[in-house]
Amino acid sequence: MVSENYLKKVNLSADVYSVCIQHALTTEKQEIMGLLIGEVNEEERVSNISACVILHRSDKQPDRVEISPEQLCTASMHADQLTKKLCKPMRVLGWYHSHPHITVWPSHVDIRTQAMYQTMDPMFVGLIFSVFQSDTNNSKNQIQVTCFQAHDKGSDFERKEIDLSIIPSPFQKYNLEEIAKFSKILSQEEVECGDSKVNDIHDELCTLHNDAFKTLTLVHIVSKVTRPLCESLEERKQIIYLLTKELEHIKLELGGD
Ligand SMILES: [Zn+2]
């Protein structure tokens, strides 16, 4: 039975929002997923999400996202480390996944998965990022996000939308570290997927073909994910450097120490 004590609001820090969007944009073929970490105000039923963990997919079926107990455990350990580092009670508060080329609304499977998490934690929340949806009017890619919980309707569950606010925040080191994992996780998934397919093949031509295909996929990850990511981070670094210089100049003019 899902508790009726729903969340009233979710505050999502802008850097976590940015990690989720960039994660969702790494692939348009499958859904990606991750877990959300932060603090919750139980009295006001407000969730403040300020960190996340991106997850590795063991099952790369389209429209299937499953979080293993091991992954939940790893995320809880990450939350414990953040609790010590930030001196505030951080815990896993929810999950996110992407819907490439499809509507942002949760499927029946998503709502049932969400209901299962809510039985363990009534404050648990789900975020869905719809990406690679083209707008028919100007053919530009659209990104949509929804924040939801499951509502118990007796015979089944239905979606309950939760108020979501994106809170401005600078990039925290632990969130930048998650972005840095994208290429590693994507490459690992490709290598594992390729290895599981070629295990029983003893034909040399087939092995050569599969190896070439794997190389091509890895090159694709570098050119489409790693390189643009490095370039955007370099640009961000340059902007921060210029801003720092400007602030130092203003400080000097004002005669500060
Ligand atoms: Zn879904």
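Predicted model, so just to flag it, every value in this text is computed and none were measured. (Residues numbered from 1 in each chain as written. Predicted model: local features only at pLDDT ≥ 70, side-chain atom pairs only at ≥ 80, totals over all residues. Heavy atoms only, no water.)

What follows covers the overall build of the protein chain. Along its length, the protein chain carries 6 helices and 8 strands. For the protein chain, the sequential pattern of α-helices and β-strands runs β-α-β-β-α-β-α-β-β-β-β-α-α-α. Considering the protein chain as a whole, with its 257 residues, one finds that 38% of them fall into the buried category. Contacts in the protein chain between residues far apart in sequence, at least 24 positions, make up 72% of those at least 6 positions apart. Surface summary for the protein chain: the accessible area is close to 15400 Å², and the carbon and sulfur share equals 56%. (Helix = DSSP H or I, 4+ residues; strand = E, 2+ residues; numbered from the N terminus. Buried < 20%, exposed > 50% of the residue type's maximum accessible area, 1.4 Å probe, protein only. Contact = heavy atoms within 4.5 Å. Areas by Shrake-Rupley, 256 points an atom, 1.4 Å probe, with all protein chains shown as cover.)

This part takes up the coordination of the zinc ion. Looking at the metal site, the zinc ion is ligated by His97 (NE2), His99 (NE2), Asp110 (OD) and Asp110 (OD), spaced 2.0 to 2.7 Å from it. Each of the 4 donor atoms around the zinc ion contributes to a set of angles spanning 53 to 156 degrees, which defines the coordination as irregular. Site description for the zinc ion: donor spacing in sequence, H-x1-H-x10-D. Accessibility classification places histidine 97 together with histidine 99 in one group, the buried group. (Donors = N, O, S within 2.8 Å, 3.2 Å for Na, K, Ca; no water. Tetrahedral: all angles 85-135°; square planar, octahedral: opposite > 155°, others 65-115°.)

Turning next to the sheet that holds strand S6 (residues 141–152). Ordered in space as S7-S6-S5-S4-S2-S3-S1-S8, the 8 strands form an open sheet in which the pairing is mixed. For this open sheet the edge positions go to strand S7 (157–161) and strand S8 (163–167), each flanked by a neighbour on one side alone. Put simply, the sheet's adjacent strands are angled 35 degrees from each other on average, direction ignored. Set on the sheet, helix H2 (residues 69–86) makes contact with strand S2 (33–41), strand S3 (46–54) and strand S4 (91–100); between it and S2 the angle comes to about 45 degrees. (Pairing = 2+ DSSP bridges. Axes fitted to C-alpha atoms, helices over the stretch in contact; angles between N-to-C directions.)

Turning our attention to the pattern of salt bridges. Taken as a whole, this structure holds 7 salt bridges when the rule is applied. Between arginine 91 and aspartate 121 there is a salt bridge whose closest N-O contact spans 3.2 Å. Taken together, the residues span a long stretch of sequence, with arginine 91 in strand S4 and aspartate 121 in the loop between helix H3 (108–120) and strand S5 (125–134) at a distance of 30 residues. On the basis of relative accessibility, which here comes to 29%, the residue arginine 91 falls in the partly exposed class. Two residues, lysine 181 and glutamate 178, come together in a salt bridge whose shortest N-O distance is 2.8 Å. Take lysine 181: its relative accessible area is 34%, and that puts it in the partly exposed class. Looking at glutamate 178, the relative accessible area reads 2%, which means it is buried. (Salt bridge = Lys/Arg side-chain N within 4 Å of Asp/Glu carboxyl O.)

On the surface, a cluster of nonpolar side chains totalling about 330 Å² of accessible area is made up of Leu247, Ile250 and Leu254. On the accessibility criterion, leucine 254 (71% relative accessible area) is exposed. (Patch = residues over 30% accessible without salt bridge, like charges linked within 9 Å, V, L, I, M, F, W, Y side chains within 5 Å.)

Looking at the protein chain, pLDDT values average 88 and 90% of them are 70 or higher. When pLDDT is averaged over each helix and strand of the protein chain, the minimum, 78, is found for helix H5 (residues 182–198) and the maximum, 97, for strand S1 (residues 9–13). (pLDDT = per-residue confidence, 0-100.)

In this structure, S6 lies alongside S7, joined through 5 bridges in antiparallel fashion. In the sheet register, glutamine 149 faces S7, and the bridge partner there is lysine 160. The loop that links S6 with its antiparallel partner S7 comprises 4 residues; one of these, glycine 154, has a positive phi angle of about 85 degrees.

In this fold, threonine 26 is placed in the loop between helix H1 (14–24) and S2. Not counting residues up to four positions away in its chain, the partners in contact with threonine 26 are Ile32, Phe182, Leu186 and Val225.

The phi dihedral of cysteine 87 is positive, around 55 degrees, even though this residue is not glycine. Relative to the helices and strands, cysteine 87 is located in the loop between H2 and S4. Its identity is not glycine, yet histidine 101 carries a phi of approximately 65 degrees, on the positive side. Examined against the element boundaries, histidine 101 turns out to sit in the loop between S4 and H3.

Our next topic: the nonpolar core. Within the largest apolar cluster, 31 residues are counted, with the highest numbers of intra-cluster contacts made by Leu36, Ile49 and Tyr96. Contributing elements (two or more residues each) for this core: S1, H1, S2, S3, S4, S5, H5 and helix H6 (204–253). Look past the residues within four positions of tyrosine 96 in its chain and what remains in contact with it is Cys20, His23, Ile32, Met33, Gly34, Leu35, Leu36, Cys52, Val53, Ile54, Leu127 and Phe129. In terms of nonpolar packing, the next biggest core, distinct from the first, is built from 20 residues, Ile37, Ile67, Ala75 and Tyr174 among them. (Core = buried A, V, L, I, M, F, W, Y, C linked by side-chain atoms within 4.5 Å.)

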